[in-house]
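Close look at the chain arrangement
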Amino acid sequence: MKKPFVTEEKLNEIVNVFNTPFHLYDEKGIRENAKAVKEAFSWNRGFREYFAVKATPNPFLINILKEYGCGTDCSSMTELMLSDALGFKGEEIMFSSNDTPAEEFVYAAKIGATINLDDFTHIQFLEDTIGYIPETISCRLNPGGVFKISNSIMDNPGDAKYGFTTEQIIEGYKILKEKGAKRFGIHAFLASNTVTNDYYPTLAKTLFETVVEIKEKAGVEISFINLSGGVGIPYSPDQLPNDIRAIGEGVKKVYDEVLGAAGMNDVAIYTEMGRFMMGPYGCLVTKAIHEKHTHKEYIGVDACAVNLMRPAMYGAYHHITVMGKDNHVCDHTYDVVGSLCENNDKFAIDRKLPKIDMGDLLVIHDTGAHGFSMGYNYNGKLKSAEILLKEDGSFELIRRAETPKDYFATFDCFDVFDNMRSLEDLD
Ligand SMILES: *Cc1c(COP(=O)(O)O)cnc(C)c1O
């Protein structure tokens, strides 16, 4: 059974101070997991996890990961800016972007981030843009086809917009070397949200074999291999969580078999996990405000898809706990919905839950990654606050909720507040 990381008592304390909805994060869980990741790959001297900033771009949370030696993985200008502001230096920042605007390459190069090129044509584009090829450079591989573990298809890289083909990448390294690059990396992201301990080892084997091929065919020695993201979490209560220790061991085994055998024992392993680092350690707290009995039974909550887009966008399952009703039987079937004028604004469809009363607090699980950060402002809805539940039981606002003023702020030539009638005028 999935249990929230926060007790009912503590949550009531928080709700007395901050209005729902909000995203709540669990410092203790984040720390324990970051430590476990570090230990799982401690066999590799150069190991570093570059946290995928897009998953949870909050400085307070990223600073926790920094204590465990994590760097950041960025895909945009603002993510690079945030990383620089948090004191991440040169090699601690990975820039794994695609369809990259010129000014982002310029800025990434300026702050010394490692540039991970998404395409063969970006070699020339980068050189034309910044005037040189950096000494340290990485390329993203997309071997095409389908990505299988044993016999089951995990994902479809042949359909994905990312990366160089194998032939392109070999040619690419030759060119990069001629143009002055000295330290080379390779990167691949071939399946998303994998709930199996075999994803990284299987991907690693492909990359390790490619690295040996690159050495033979391009005369380039790869210094770091970036397994990127894709390590998943059990959103549904019947899934078994990944065991990061087993994953680390699995990668070590193929490392010894393939790279060890080729005499390449000092290649660093990098990861760019987002979901695995934060997903389970965040939840969306929302309140039941309406119940509606029509063709179906609906519970309307004060959060909506603007606060958590995954169910609307992917039909993703997010477990829901009705606080204080642990021991009640799940004898009601509800659609749990938000207030957007979009019928896909449903956090759950036909979900068996205990009877929900107005004012009940609902905890929507596993929103710590790709939750708040995917938020948007459709229907003029405002983004929620983010709150950190600390190890000592205290809690802190780590991002305030948006206000109408934030929403209207970009109309430089029209001040909504100046033109609006005041509430007193309306009386
Ligand atoms: C999204 C992304 C990640 C993180 O993926 P998760 O599934 O959250 O681990 C890492 N690297 C790149 C390039 C990405 O686009």
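Per chain, residue numbering runs from 1 following the sequence as it is written. Under the rules for a predicted model, residues below a pLDDT of 70 receive no local features and side-chain atom pairs below 80 are neither given nor counted, while totals for whole chains, interfaces and linings still include all residues. Only hydrogens and water are removed before side-chain values are computed, so all heavy atoms of the structure are retained for them.

**A closer look at the nonpolar core**
So the rule is basically this: Among the buried residues, those of types Ala, Val, Leu, Ile, Met, Phe, Trp, Tyr and Cys that are joined through side-chain atoms within 4.5 Å form a nonpolar core. Residue exposure (1.4 Å probe, protein chains only): buried if accessible area is under 20% of the type maximum, exposed if over 50%, otherwise partly exposed. These domain boundaries are the output of an automatic or database domain assignment. Residues count as neighbours in contact if any of their non-hydrogen atoms are within 4.5 Å of one another.
Counting residues in each nonpolar core, the largest one holds 85 residues, and the members touching the most others are Y173, L176, I186, Y200, F208 and I225. Domain assignment of the residues forming this core places at least three in each of domain 1 (27–279) and domain 2 (280–408). Filtering out sequence-adjacent residues up to four positions away, Y173 remains in contact with C139, F184, G185, I186, I214, A218, V220 and I222. With 16 residues, the next largest nonpolar core counts A288, V322, V336 and F347 among its residues.

**Concerning the environment of K28**
Applied cut-off: For helices the rule is a DSSP run of H or I covering at least 4 residues; for strands it is a run of E covering at least 2, with both sets numbered from the N terminus onward.
Turning to its location among the elements, K28 is positioned in helix α2 (residues 27–40). Placed 363 residues apart in sequence, K28 and E391 show a C-alpha to C-alpha distance of 5.1 Å.

**Describing the site of the ligand**
We apply this condition: Think of it this way: one heavy atom of a residue within 4 Å of a molecule or strand is enough to make that residue near it. Here a polar contact is taken to be a pair of N or O atoms separated by no more than 3.5 Å, where protein atoms must pair a possible hydrogen donor with a possible acceptor and residues adjacent in sequence count only if both atoms sit in side chains. Areas reported here follow the Shrake-Rupley algorithm with a probe of radius 1.4 Å; residue values treat only the protein chains shown as occluding.
Looking at the ligand, there are 15 residues lining it, with K54, E272, G274, R275 and H370 nearest. One of the side-chain nitrogen or oxygen atoms of K54 is found 2.6 Å away from an oxygen atom of the ligand. Take G274: an N or O atom from its main chain is 2.9 Å from an oxygen atom of the ligand. Burial of the ligand by the surrounding chains reaches 91%, relative to a free accessible area of 380 Å².

**Considerations on the packing of aromatic side chains**
Going by this rule: Planes of paired rings set the category: under 30 degrees apart is stacked, over 60 is edge-to-face and the rest tilted, where pairs are Phe, Tyr or Trp rings (Trp by its six-membered ring) whose centres lie within 6.5 Å. Note on criteria: charge over ring means Lys NZ or Arg CZ within 6 Å of the ring centre, with the direction from the centre no more than 35 degrees off the ring normal.
Across all of its chains, the model carries 15 aromatic pairs by this definition. Where F105 meets F125, the ring centres are 6.0 Å apart and the plane angle is 55 degrees; that geometry is what we call tilted. Of this pair, F105 sits in helix α5 (residues 102–110) while F125 sits in helix α6 (residues 121–130), and the two are 20 residues apart along the sequence. Since its relative accessible area comes to 1%, F105 is described here as buried. Taken together through their ring pairs, the aromatic side chains of F41, W43, F47, F208 and Y255 make up a single cluster. Above the plane of the ring of F88 lies K66, whose end atom (NZ or CZ) is 5.2 Å from the centre. Positioned over the ring face of Y235 is R310, at 4.3 Å from the centre of the ring.

**A closer look at the packing of helix α8 (residues 199–218) against helix α9 (residues 244–260)**
Quick reminder of the rule: An axis is simply a line fitted to the C-alpha atoms; with a helix, the fit covers only the stretch in contact. Between two such axes, the angle follows the N-to-C directions and lies from 0 to 180 degrees. For this classification, under 35 degrees means roughly parallel, over 145 means roughly antiparallel, 65 to 115 means roughly perpendicular, and everything else is oblique. What makes a crossing left-handed is the near helix being turned counterclockwise from the far one by less than a right angle; a clockwise turn instead makes it right-handed. Each residue is assigned to one of three groups, with Ala, Val, Leu, Ile, Met, Phe, Trp, Tyr, Cys and Pro labelled nonpolar, Asp, Glu, Lys and Arg labelled charged, and all others, Gly among them, labelled polar.
α9 packs onto α8 with a crossing angle of 25 degrees between their chain directions and a minimal axis gap of 9 Å. The pairing of α8 with α9 is recorded here as roughly parallel in orientation. Relative to α9, α8 is oriented so that their crossing is right-handed. Each of Y200, P201, A204, K205, F208, E209, V211 and V212 in α8 lies in contact with α9, whose residues at this interface are I247, G250, V251, V254, Y255, V258 and L259. Within the contact of α8 with α9, the residues separate by chemical class into 12 nonpolar, 1 polar and 2 charged.

**Regarding the sheet that holds strand β10 (residues 222–226)**
Note the following rule: Pairs of strands are assigned from DSSP output, requiring at least two bridges between the strands.
On the basis of which strands lie adjacent, the closed barrel formed by 8 strands has the order β2-β3-β4-β5-β6-β9-β10-β11 and parallel pairing. Across the sheet, the mean angle separating the axes of adjacent strands is 25 degrees when strand polarity is ignored. Pairing between strand β3 (residues 71–74) and strand β4 (residues 93–95): 3 bridges, direction parallel. Counted as the bridge partner of C74 is F95 from β4. Across the sheet, α8 lies against β9 (183–187), β10 and β11 (268–271), angled at about 155 degrees from β10, the strand it touches most.

**What about the environment of C70?**
Residue placement: C70 occurs in the loop between α3 (59–66) and β3. When the C-alpha positions of C70 and R275 are compared, they lie 14 Å apart, and in sequence the two are 205 residues distant. The contact partners of C70, leaving out residues within four places of it in the chain, are E49, L65, F88 and M277.

**Observations regarding α8**
Condition: Multiplying 1.5 Å by the residue count of a helix minus one yields the expected span of that helix.
Under the 1.5 Å per step criterion, the end-to-end length of α8 is 27 Å for 20 residues, consistent within 8% with the ideal 28 Å. Taken as a whole, α8 has its buried residues at Y199, Y200, P201, L203, A204, L207, F208, T210, V211, V212, I214 and A218. Looking at the buried side of α8, the elements it contacts are β7 (147–149), α7 (166–178), β9, β10, α9 and β11. Count one or two residues on from α8 and you reach G219, which has phi positive near 65 degrees.

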